[in-house]
Amino acid sequence: MSEQPRRPRKPGKPYRRPQKDPVRFLAFEALRAVDERDAYANLVLPPLLRKAREKDGFEARDAALATELVYGTLRRQGTYDAIIAECVDRPLREVDPPVLDVLSLGAHQLLGTRIPTHAAVSASVELARVVLGDGRAKFVNAVLRKIAQDDLDGWIAKVAPPYDDDPEDHLAVVHSHPRWVVSALWDSLGGGRAGIERLLEADNERPEVTLVARPGRATAEELLREESAVPGRWSPYAVRLAEGGEPGAVDAVREGRAGVQDEGSQLVALALANAPVEGRDEKWLDGCAGPGGKAALLAALAAERGATLLASEKQPHRAGLVAKALAGNPGPYQVIAADGTRPPWQPGSFDRVLMDVPCTGLGALRRRPEARWRRRPEDLEGFGPLQRELLSTAMDSVRVGGVVGYATCSPHLAETRAVVEDVLKQWPGAELVDARPLFPGVPELGEGPDVQLWPHVHGTDAMYLAVLRRTG
């Protein structure tokens, strides 16, 4: 199917100006920002929605539809690309990106929502007229009418290779993940087909909004008074907004006494805070503290014990976010902008150290679905040396008898166990601590001594934690 040039109107036929649909136009704007600026949808969408509420009178249902269109399209982008490719007569790379965004939005409405077929096609064509022009709108119309001839299951049967012929490629198309990500997740998870299918399905589900009540400043009981609020599954400080909800409308969040934080992230901070240390317990370090969620929880827990937290973050603007998250903490703390590989503090200064290192973020694909399409296998080569250097710095920063938590939001074995094993070889005066008892009540934590959380098992991001004790 080729893009058609604009044709002259037939004599006597009045021209109808295209009508802008604010919801779909906003969704298109968000997708273009993600594509053109490598922006993240979870950062782009909120200001667009605020502006739409003020300018276009967006209601809650408008915001909900726009959010579904953006995230649903991004999550299913790989599947929709395979389907669209069947309906055009050229490689997708030769279709202009804005045209592809309109087609993907249309495909999601046709195959991933309950919007009636006629409405999905006509609304997408009208959007194309507004943002692409009448000529390319005809191309969009023709492609979407082809897509509308079958449902999602029917299309997957046509475009996905059989599982028995190529399991990884089959799962990549069906569940809209790059093949290399499917392979990496499967290696980390182990087991057969059922587990990896459940994990990939969980990556494509919209995650609940989870709040954290910061100790000494707010309680879970206070947050549970919010509409649709239910207790967290594992963290005593977690509250879930089961029906979505706007965290900024919660008083405690607006005042900084609570925050938005995945329960897996809370569990990692709690585990580090509760790991047994030998001797004093006065000085804690968060060595990669941005944007501040774990640091805020650690600072509050430290204050309850009379300890202090130093939160260090390399990027000054992210250090500013950490300072904002910690503002109002009931106990003493300090936030600095410093490179964790060249620390300004003395060796052996701390009793507890958390090093939540930069990583590929493959554990948070529910929240940042576009990340799966940006990452490449070679990114691991860039992160690996930094991760090892940061963990080695953490071991140098903790005193004998103290503990280090090495955390990533990636389950990739090259970013988790491989890093820990390599650093332990360099540090004969260190040992792995069984981290599983530090996650009380949390099931299916594996063989240990490290812990890997999973979206499909625990309802959290795929956070990883290894706890190391310096022994000499």
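So, a few notes on the structure that sits alongside this text. The structure presented is a predicted model; accordingly, all values stated were derived computationally and were not measured.

Parameters and conventions
- Residues numbered from 1 in each chain as written.
- Predicted model: local features only at pLDDT ≥ 70, side-chain atom pairs only at ≥ 80, totals over all residues.
- Heavy atoms only, no water.
- Phe/Tyr/Trp six-rings, centres within 6.5 Å; stacked < 30°, edge-to-face > 60°.
- Buried < 20%, exposed > 50% of the residue type's maximum accessible area, 1.4 Å probe, protein only.
- Helix = DSSP H or I, 4+ residues; strand = E, 2+ residues; numbered from the N terminus.
- Lys NZ or Arg CZ within 6 Å of the ring centre and 35° of its normal.
- Contact = heavy atoms within 4.5 Å.
- Pairing = 2+ DSSP bridges.
- Axes fitted to C-alpha atoms, helices over the stretch in contact; angles between N-to-C directions.
- 1 Å grid on protein atoms, 1.4 Å probe; cavity = no way out; pocket = protein on both sides within 12 Å on 5 of 7 lines; lining within 4 Å.
- Points joined across faces, edges and corners; volume = space filled by probe spheres on them.
- Nonpolar A, V, L, I, M, F, W, Y, C, P; charged D, E, K, R; others polar.
- Salt bridge = Lys/Arg side-chain N within 4 Å of Asp/Glu carboxyl O.
- Polar contact = N/O pair within 3.5 Å; in protein donor to acceptor, adjacent residues only side chain to side chain.
- Right-handed = clockwise from strand over helix to strand, strands pointing away.
- Core = buried A, V, L, I, M, F, W, Y, C linked by side-chain atoms within 4.5 Å.
- Parallel < 35°, antiparallel > 145°, perpendicular 65-115°, else oblique.

**A closer look at the packing of aromatic side chains**
This structure, assessed with the given rule, holds two aromatic pairs. Relative to Phe350, the ring of Trp345 has its centre 5.8 Å away and its plane inclined at 85°; by these criteria the two rings are edge-to-face. By relative accessible area, which is 3% here, Phe350 ends up buried. On the numbers, 6.4 Å between centres and 75° between planes, the contact of Tyr406 with Tyr464 is edge-to-face. Taken together, the residues span a long stretch of sequence, with Tyr406 in strand 9 (residues 398-408) and Tyr464 in strand 12 (residues 464-470) at a distance of 58 residues. The buried category is assigned to Tyr464, whose relative accessible area is 2%. When the ring centre of Trp155 is taken as origin, the NZ or CZ atom of Lys158, which lies over that ring, is 4.4 Å away. Lying across the ring of Tyr40, Arg374 places its NZ or CZ 4.9 Å from the centre.

**Overview of unusual backbone geometry**
Each neighbour pair has its own omega, and for Gly290 with Pro291 the value is 0°, a cis peptide bond. As for its placement among the helices and strands, Pro291 is situated in the loop between strand 5 (283-286) and helix 15 (293-304). A cis geometry characterises the amide bond from Gly448 onward to Pro449, with omega recorded as 0°. Structurally, Pro449 is set in the loop between strand 10 (430-433) and strand 11 (451-452). For Ser176, which is not glycine, the phi torsion reads 60° and is therefore positive.

**Some words on helix 9 (residues 167-175)**
Taken together, the buried positions of helix 9 are occupied by His170, Leu171, Ala172, Val173, Val174 and His175. Buried positions along helix 9 lie against helix 4 (77-86), helix 8 (152-159), helix 10 (179-189), helix 11 (193-203) and helix 17 (371-374). Immediately downstream of helix 9, the backbone of Ser176 shows phi near 60°, a positive value.

**Observations concerning the sheet that holds strand 1 (residues 209-213)**
An order of 2-3-1-4 is seen for the four strands of this open sheet, with the pairing classed as antiparallel. The sheet terminates laterally at strand 2 (229-231) and strand 4 (258-260), the two strands that pair on one side only. Across the sheet, the axes of successive neighbouring strands diverge by a mean angle of 30°, strand direction being ignored. Examined bridge by bridge, strand 1 and strand 4 share three bridges and lie antiparallel to one another. Of the residues in strand 4, the one forming a bridge with Leu211 is Val260. On the sheet, helix 14 (residues 263-274) packs against strand 1 and strand 3 (238-241) and is oriented at approximately 30° with respect to strand 1.

**Re empty space enclosed by the protein**
Counted by the stated rule, this structure contains one cavity of 30 Å³ or more. In this structure, the largest cavity encloses a volume near 30 Å³. Taken together, Arg214, Arg217, Ala296, Ala300, Ala325, Leu326 and Asn329 make up the full set of residues lining the largest cavity. Among the secondary structure elements, those contributing two or more residues to the lining of the largest cavity are helix 15 and helix 16 (316-326). Tallied by class, residues from the lining of the largest cavity come to four nonpolar, one polar and two charged.

**Brief notes about the pattern of salt bridges**
Applying the stated criterion to the full structure yields 36 salt bridges. A salt bridge links Lys158 to Asp150, with the shortest nitrogen-to-oxygen separation between them at 3.2 Å. Residue Asp150 is classed as partly exposed on the basis of its relative accessible area of 26%. We note a salt bridge from Asp281 to Arg305, for which the minimum N-O separation is 3.5 Å. Taken together, the residues span a long stretch of sequence, with Asp281 in the loop between helix 14 and strand 5 and Arg305 in the loop between helix 15 and strand 6 (308-313) at a distance of 24 residues. Among the residues examined, Arg305 registers a relative accessible area of 38% and is labelled partly exposed. Among the charged side chains, a salt-bridge network with shared partners connects Arg32, Asp35, Glu36 and Asp101.

**Quick word on the environment of Asp434**
Structurally, the position occupied by Asp434 is in the loop between strand 10 and strand 11. The exposure class assigned to Asp434 is partly exposed, which follows from its relative accessible area of 31%. Asp434 sits 118 residues away from Pro316 along the chain, and the two C-alpha atoms are 35 Å apart. Only 2.9 Å separates the side chain of Asp434 from the side chain of Arg436, close enough to count as a polar contact.

**Side note on the pairing of strand 5**
It is a general feature of regular strands that their side chains alternate between the two faces of the sheet. Across four bridges, strand 5 lies against strand 6 in parallel orientation. Within the sheet, the bridge partner assigned to Leu285 lies in strand 6 and is Leu310. Handedness of the crossover joining strand 5 and strand 6 through helix 15: right-handed. Where strand 5 meets strand 8 (residues 350-356), three bridges bridge the pair, whose relative direction is parallel. In the strand pairing of strand 8, Asp286 is matched with Leu354.

**Quick word on the nonpolar core**
In this structure, Val70, Leu103, Leu111, Val140 and Ile147 are the most contacted members of the largest nonpolar core, which totals 58 residues. Broken down by element, the residue count for this core peaks at nine residues, all from helix 1 (residues 22-37). Aside from chain neighbours lying at most four places away, what touches Ile147 is Ile83, Ile84, Cys87, Ala107, Leu110, Leu111 and Trp155. By size, the runner-up hydrophobic cluster in this structure holds 42 residues, among which are Ala295, Cys359, Ala407 and Val451.

**Regarding the packing of helix 4 against helix 5 (residues 97-111)**
Two elements in contact, helix 4 and helix 5, have axes whose closest approach is 10 Å; the angle formed by their N-to-C orientations is 105°. With respect to helix 5, the element helix 4 is oriented roughly perpendicular. In this structure, helix 4 uses Tyr80, Asp81, Ile83 and Ile84 to contact helix 5, whose residues at the interface are Leu100, Leu103, Ser104, Ala107, His108 and Leu111. Here the residues of the contact of helix 4 with helix 5 are counted per class, giving seven nonpolar, two polar and one charged.

**Observations regarding the side chain of Arg24**
Relative to the elements of secondary structure, Arg24 occurs in helix 1. Residue classification places Arg24 among the buried positions, given a relative accessible area of 10%. The contact partners of Arg24, leaving out residues within four places of it in the chain, are Leu65, Leu69, Leu105, Gln109, Ile115, Ala123 and Leu127.

Without other data, these values stay purely geometric and don't point to any function.
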